[in-house]
Amino acid sequence: MKSPLNVEPLTGVLGARVSGIDLKSELDKQVITLLRNAICEFEVVIVPDQSLTPEEQVKFSHLLGPYSPVPFVKPIDEHPEVIKVVKENTEPEAFNFGGVWHSDFSFLSTPPAFTILYAIDVPAIGGDTVWASTTAAYCHLDNDTKNRLHKITGIHSASASYSPDQQDLHSQLSNMTIETSETAKSTQEHPLVCKHPETGKPSLFFNPTYVRGLKGPELETAKEEELMKWLSQWTTGIQFTFRHKWSPGDLVIWDNRSTQHIALNDYKGERRELNRTTVSDSTKPSLYRP
Ligand code: SIN
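None of the values given here were measured: they were computed from a predicted structure.

## What about the site of the ligand?
Every residue lining the ligand is accounted for by Val-85, Phe-97, Gly-98, His-102, Leu-117, Thr-129, His-261, Ala-263, Arg-272 and Arg-276. Within the side chain of His-261, a nitrogen or oxygen atom sits 2.9 Å from an oxygen atom of the ligand. Here an oxygen atom of the ligand and a side-chain polar atom of Arg-276 are 2.5 Å apart. Out of a free accessible area of 260 Å², the ligand has 100% covered by protein chains. If you map the ligand onto the pockets, it falls in the largest cavity. Taken together, the elements giving at least two residues each to the shell around the ligand come down to β14 (259-263) and β15 (272-279). Broken down by class, the residue content of the shell around the ligand amounts to four nonpolar, four polar and two charged.

## Brief notes about the sheet that holds strand β10 (residues 202-204)
Spatially, the three strands line up as an open sheet ordered β10-β9-β16, and their pairing is antiparallel. What marks the edges here is a single partner per strand, and that holds for β10 and β16 (286-287). Sheet topology places strand β9 (residues 193-195) next to β10; three bridges connect them, and they run antiparallel. Looking across to β10, one finds that Lys-195 is bridged to Pro-202.

## Re the nonpolar core
Counting residues in hydrophobic clusters, the biggest one holds 29 residues, and the most contacted among them are Val-44, Val-73, Phe-97, Trp-131, Tyr-162 and Trp-246. Mapped by element, the contributors of at least two residues to this core are β3 (44-47), β4 (83-87), β5 (114-121) and β13 (251-255). Broken down by element, this core gets its largest block of residues, three residues, from β4.

Calculation notes
Residues numbered from 1 in each chain as written. Predicted model: local features only at pLDDT ≥ 70, side-chain atom pairs only at ≥ 80, totals over all residues. Heavy atoms only, no water. Near = heavy atom within 4 Å. Polar contact = N/O pair within 3.5 Å; in protein donor to acceptor, adjacent residues only side chain to side chain. Areas by Shrake-Rupley, 256 points an atom, 1.4 Å probe, with all protein chains shown as cover. 1 Å grid on protein atoms, 1.4 Å probe; cavity = no way out; pocket = protein on both sides within 12 Å on 5 of 7 lines; lining within 4 Å. Sits in = over half its atoms within 2 Å of the grid points. Helix = DSSP H or I, 4+ residues; strand = E, 2+ residues; numbered from the N terminus. Nonpolar A, V, L, I, M, F, W, Y, C, P; charged D, E, K, R; others polar. Pairing = 2+ DSSP bridges. Core = buried A, V, L, I, M, F, W, Y, C linked by side-chain atoms within 4.5 Å. Buried < 20%, exposed > 50% of the residue type's maximum accessible area, 1.4 Å probe, protein only.

Printed below as a string of structure tokens:
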């Protein structure tokens, strides 16, 4: 029988386009299962040509799982589960939200499984998002490096992004309310090599923004710094990436357990607005045991 979803891979590493689906219609269980499988397999899924109010986006998000709370960023009025990612055309020099490599809220004890971003207003040129597969970054390691990294724990924290000393940076965005806090300095440990709870695949659960340190046998300070630098470069290598040029009506769903991403800030004088929801995971990141 023909699948109700058309899934077209967009690179040989990650990213797929899904068509044949209207996300505001009543979606049956089979379609949701197929969509979820596509997200877990391709890590980033583009669903073009959608038309969703915040309420409809929330309803669709719930089909993938319960809401995952968003720290530091104020949601939009009347929709406590939706944040607006917006940079105005009058803010050419502002730092953009998500403008550094990160995996959403990896500093939480249970980071969100999926993030859903729906494009409302996007620049004619620029403002793309780039994702890197942390599954591919693990897969292409040699066996010695894999064995060494299995023993390492990542120390995650929002300190570099949401501590009070970062408030001025966030306040440059006039239509987003980001409230920094001392609580950003708390830390959370996760294994560096994690098992994806749905596919069982290993991934390097690292991102240079929220991983602030590493712990492991014989990992003294100099080696820790060296490994942090190496992981930052390796996990964001161009060979592991997929880049999306947004059109209004695109809805993109990504898996935070197998990717990290960056929003490019190359659209001076243009406006970019998207609505974002996050879906919680049912388990904490856990160590991959080969
Ligand atoms: C984010 O990191 O959630 C924002 C990504 C984007 O605006 O492209």
